[in-house]
Amino acid sequence: MSCERCAASCPAAGGAKAPAVRKAAGGVTVALLGQPNSGKSTLFNGLTGARQHVGNWPGKTVERKEGTFERGGTAFQVVDLPGSYGLAANSPEEEVTRDYLASGAADIVLVMADASQLERSLYMLADFVAACPEQPCLLALNLMDVAENQGKRIDAVLIARRLGVPVVPLVASRPEGYGALLDALARTVRERSVVDGARLREGIAAAPDTIQGTAAAKFAWIEGLLDGAVEAPARPHALSRFDRVVTGSRWSKPITIGMILLGFILAFVPAIPIMMLGGAISSLGQVVAGALAQAGAPDVLGSFLAGVVFNSLCFGTMMVGYVFGINLVFGLYEEAGYMARISYVFDHTMARFGLQGKSLMPFLMCLGCTMGGVSGSRVIDSWGQRMLTVMMAWAIPCGSTWGVVPVLAVAFFGVAGAPLVIVGIFAVTILIMWLVGRVFGPRLVAKGERAGMVMELPPYHRPHLGNVARGALLKSRQMFVRAIRVVALFAFAIWALTYTATGSVEGSVLYALGTAIEPVTRFFGMGWQTFTAWLCALVLKESALGVLSGLFTGAATPNAVLVGVMTGAAAAASNIGEVMAQAISAPEALAFIFAFTFNMPCAASVSATWGEVHSTKWTVITALFYICCSLLLGCVVYHVSALFL
Ligand SMILES: Nc1nc2c(ncn2[C@@H]2O[C@H](COP(=O)(O)OP(=O)(O)OP(=O)(O)O)[C@@H](O)[C@H]2O)c(=O)[nH]1
Ligand SMILES: [Mg+2]
């Protein structure tokens, strides 16, 4: 049915741009409408088998998504609309929803309400009925399990009688219980039932013609609709007392920091077996190479298989291990409703940097893996704030950096000097983040957009481990595929540059290139070996120690260098620090430490950044900024420290 009256009366219709919505040919189009976090995407996934992002905080779905399913010989097209609090609001996501309704593309609108906070959640229904009085619809009272846990009892039959359309209690996260909803949907298609909104219209007509007056009339209608239909216990829910502590002014920050640290530690539980699998893949590569050599295959074949193919897989698997762990643990936090609290607690602090509370999680995730942190920025709704978050997050030293820096710091500056180096690194991190905020902040986040986040705190839910694990697997798979492509490409390049038939590094292209450009790299405080390690770190941060090990100990065969490149510390000679301490000066080591730490994180992070921000221009700007910063730092640190060390 074309909802012409809706289009005429819908607040969106007046000034809205021509809706880019076309009606599907054949079948029945069902639009899911509801306030944020009411479970639309969960139902959408359950009905269509799609994998839309779901999570317990408002505002995840920002674009219209479509999927299909079949029931009783009828093809249904389901449209997952972005959540919005009403139809008169102004954010871009809310415009998507309004424009869609105004287009008349939906045959049936399925209004989703959160049964655990029904009165507030039904405001969308009131708005919809006022705007689209002739649109056939039905109402789903979702999150019934949560409402029941709160001790609420809802008389759906009474509400249905008052509305004149089917009203179905629902637990969207359990698709096996969709029978009643699908029956009600089929009935709505047959009967084209519309809500009896006469009382609502009378109320609105009698109310003062102001936003507040109209809203009061809508809430009065909801009150009448629910009168005698909802029974709720009077005592406050125990969790709301807990919430007062975790979001209150006194303990909120220490508790939040503790919970985040716990999350990072717990992430190792699923990560370690996956990382061990990665190690096994690398060893398998060596076995295969050895077997090929014994069978008389050309050396280049074994070297290529072990160095490029198996080591790429090894690195991809190892990296994805922690990414999976982080996604799983923080996915559980998100599902439980705790992530929204983390963002809330730090919102004010982050606003000082032009960011918002939601930027904190990506920052923290970057301490483990920049790629994971970058993909975590997806939760930030404003593109400018997301880009700025990613740009700042690149400055945070990742886990791989911490595998390299302490080894070198102790070797060159002793146990007493190393902590000073670490403090220096933290100070420069903050300096660079501040610099990024000052230089790029105004270009990315307009003054008006610099407000903190606006987000209601969702009620706590018991997380569904299966759903969260599936989501984490999906994200990890996407990341693995992205990483492996980049890694394999660079691994091939490095392999080609270090391969020599004799096995001596001096004969390799890398050696020739490195020594040729050494006069220039010396200006930035790095000799050819440290500069090569710096270059390899552009591809993979953890490669640096392995490369240094290969190049300085002299024991490096091309494949040892490559294994170092791919597996980092694992392949590093245990005495690398001592050997380097004899080969290069302390200023050069310090220059390398700083240039390496603040270099762009790794090629996979660049690819993840592009994947999140979809801007080649800003991805390139970010990469160039960090490469320049890193070289500049190397130069300054080298020349200044040479005066003292
Ligand atoms: N316990 C329980 N949780 C549910 C149910 N339906 C959805 N959820 C959870 O509620 C949260 C919000 O679900 P979403 O499907 O993302 O909500 P949405 O309406 O699409 O939200 P926006 O895209 O932000 O508008 C998620 O944590 C879901 O797992 C349910 O019936 N019971
Ligand atoms: Mg959604």
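Up top is the structure.
Residues numbered from 1 in each chain as written. Chains lettered and ligands numbered in written order. Predicted model: local features only at pLDDT ≥ 70, side-chain atom pairs only at ≥ 80, totals over all residues. Heavy atoms only, no water.

*Asks:* I keep staring at the packing of aromatic side chains and nothing clicks. Help me out?
*Replies:* Centre distance and the angle of the planes are the two values used to describe a pair of aromatic rings. The full count for this structure, using the stated rule, is 14 aromatic pairs. Ring geometry for Phe 412 versus Phe 413: centroids 6.3 Å apart, planes at 45°, classification tilted. Comparing Phe 412 with Phe 413 shows no difference in burial state: the two are buried. An aromatic cluster is defined as three or more aromatic residues linked by ring pairs; in this entry it consists of Trp 394, Phe 440, Trp 618, Phe 625 and Tyr 626. Just above the ring of Tyr 460 sits the side chain of Arg 341; from NZ or CZ to the centre is 4.0 Å. The ring of Phe 596 has Lys 541 lying over it, and the distance from NZ or CZ to the ring centre is 5.3 Å. (Phe/Tyr/Trp six-rings, centres within 6.5 Å; stacked < 30°, edge-to-face > 60°. Buried < 20%, exposed > 50% of the residue type's maximum accessible area, 1.4 Å probe, protein only. Lys NZ or Arg CZ within 6 Å of the ring centre and 35° of its normal.)

*Asks:* Can you help me understand the nonpolar core in this one?
*Replies:* In globular proteins that are soluble, nonpolar side chains generally tend to be buried together. Grouped together as the largest cluster of nonpolar side chains are 88 residues, with contacts concentrated most on Ile 432, Val 436, Phe 592 and Ile 593. Looking at which element gives the most residues to this core, the answer is helix H20 (residues 399–444), with 15 residues. Apart from residues no more than four positions distant in its own chain, Ile 432 is found in contact with Ala 395, Phe 598, Phe 625, Tyr 626, Cys 629 and Leu 633. Among the nonpolar cores identified, the runner-up in size contains 45 residues, and Leu 87, Ile 154, Val 165 and Val 167 belong to it. (Core = buried A, V, L, I, M, F, W, Y, C linked by side-chain atoms within 4.5 Å. Helix = DSSP H or I, 4+ residues; strand = E, 2+ residues; numbered from the N terminus. Contact = heavy atoms within 4.5 Å.)

*Asks:* Explanation requested: the environment of Ile 422 in the structure shown.
*Replies:* Structurally, Ile 422 can be placed in helix H20. Once the C-alpha coordinates of Ile 422 and Ala 409 are considered, the two residues, 13 residues apart in sequence, prove to be 8.2 Å apart. Excluding residues that lie within four positions of it along the chain, Ile 422 makes contacts with Trp 402 and Val 405.

*Asks:* Help me understand the pairing of strand S3 (residues 74–80), please; the structure alone is not making it clear to me.
*Replies:* Strand residues, when the strand is regular, have side chains that alternate between the two faces of the sheet. Counted residue by residue, S3 has five buried out of seven residues, so it is predominantly covered. Pairing of strand S1 (residues 28–34) with S3, which is carried by five bridges, proceeds in the parallel orientation. In the strand pairing of S3, Leu 32 is matched with Asp 80. In this sheet, S3 lies alongside strand S2 (residues 65–71) in antiparallel orientation, the contact comprising seven bridges. Across the sheet, the residue bridging to Gly 67 is Val 78, located in S3. Where S2 folds back onto S3 in an antiparallel hairpin, the turn is made up of two residues, including Gly 72, whose phi is positive at roughly 55°. (Pairing = 2+ DSSP bridges.)

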